[in-house]
Amino acid sequence: MEGRVAERLRGALGPLGFEVHAFKVGWYNAILQPGFHLPYPDDTLAFVVLSTPSMFDKALKPFVNKERLKIIRDPVDQCVSHHLSHVKEKFPDQKVDVIFDYEILPSRKPKFLAQTAAHVAGAAYYYQRKDVKLDPWEKKKIYGVCIHPKYGGWFAIRGLLLFPDIQVPFLEQSAPVDCVSTEEKRIELLELFNFHWQDGRYRDIIEVKERYSEEQKAYFATPPSERFQLLGLTQEAQRGTFH
């Protein structure tokens, strides 16, 4: 069952520059505190959705051109929401729940921990402080970061698709590719991500097969309130984001 669902999802989302990776809810819940658990049985089928560098041209720009008068908030969030909500129509006989990376609970906690989901699904390795044996940071707060074996840091985790009526007790877990395998490189990665994240050098910690275009880099480097202009959206649409 998982294979058929995955094939249908990849057929719908792959041409738009998205990747999907399957996991069981129990794999995710097992390594998190109860406050972060997804409220589904352990064997529930879920997919983490990533955007790859090609999503900008394959999904975002066509979406903006088609829906320009309807864009009233962050264009990327609205584009992702449109396509993930639309994919539910591919499963008319199934309940499909969607959780987006930008959604938060009343407690202000995120609805899901994106990097943990990517790791347990085998999509991207989540490098954390505990992955370094000789910790050089003492009392400093060090955040972890996911690295994709093909795209390095040039990707984003956009959401989860959950299938509450599909239980997959025999789904086999695939470990993420440990592509930053040396102690020195892991320290360098976490240093770059925590203290120099603005320059994006952490994204190239490995040799990547594809990265963001210069246009895409410029877009994400621009303050959100000014991104509408880069996409050629009207001032009316821009004002709509503040309503």
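Residues numbered from 1 in each chain as written. Predicted model: local features only at pLDDT ≥ 70, side-chain atom pairs only at ≥ 80, totals over all residues. Heavy atoms only, no water.

**Some thoughts on unusual backbone geometry**
Despite not being glycine, Arg108 shows a phi value in the positive range, around 80°. Checked against the element boundaries, Arg108 lands in the loop between strand S3 (97-100) and helix H5 (114-120). A relative accessible area of 63% means that Arg108 is categorised as exposed. Unusually for a residue other than glycine, Glu138 sits at a positive phi of about 50°. As for its placement among the helices and strands, Glu138 is situated in the loop between strand S4 (125-127) and strand S5 (145-147). (Helix = DSSP H or I, 4+ residues; strand = E, 2+ residues; numbered from the N terminus. Buried < 20%, exposed > 50% of the residue type's maximum accessible area, 1.4 Å probe, protein only.)

**A short note on the packing of aromatic side chains**
For the structure shown, the criterion picks out eleven aromatic pairs. Taken together, the aromatic side chains of Phe56, Trp154, Tyr212, Tyr219 and Phe220 make up a single cluster linked through ring pairs. We note Lys109 situated over the ring of Phe36; from NZ or CZ to the ring centre the distance is 4.9 Å. One cation-aromatic arrangement involves Arg227 over Tyr219; the distance from NZ or CZ to the ring centre is 5.2 Å. (Phe/Tyr/Trp six-rings, centres within 6.5 Å; stacked < 30°, edge-to-face > 60°. Lys NZ or Arg CZ within 6 Å of the ring centre and 35° of its normal.)

**What to know about the pattern of salt bridges**
What the rule picks out here adds up to twelve salt bridges. What you see here is one network of salt bridges that share partners, running through Asp57, Lys61 and Glu215. (Salt bridge = Lys/Arg side-chain N within 4 Å of Asp/Glu carboxyl O.)

**Some points on the environment of Tyr151**
Tracing the sequence through the fold places Tyr151 in the loop between S5 and strand S6 (156-167). The class of Tyr151 is buried, set by a relative accessible area of 6%. Separated by 13 residues in the primary sequence, Tyr151 and Glu138 place their C-alpha atoms 31 Å from one another. Setting aside anything within four residues of it in sequence, one finds Tyr151 in contact with Glu19, Thr52, Pro53, Arg203, Val208 and Glu210. (Contact = heavy atoms within 4.5 Å.)

**Comments concerning the nonpolar core**
Core analysis: the largest hydrophobic core is formed by 79 residues, its most contacted members being Phe23, Phe47 and Phe163. Setting aside chain neighbours within four positions, we find Phe163 in contact with Val5, Leu9, Thr44, Leu45, Phe47, Phe91, Gln94, Lys95 and Val96. (Core = buried A, V, L, I, M, F, W, Y, C linked by side-chain atoms within 4.5 Å.)

Don't take any of this as a statement about function, it's just geometry.
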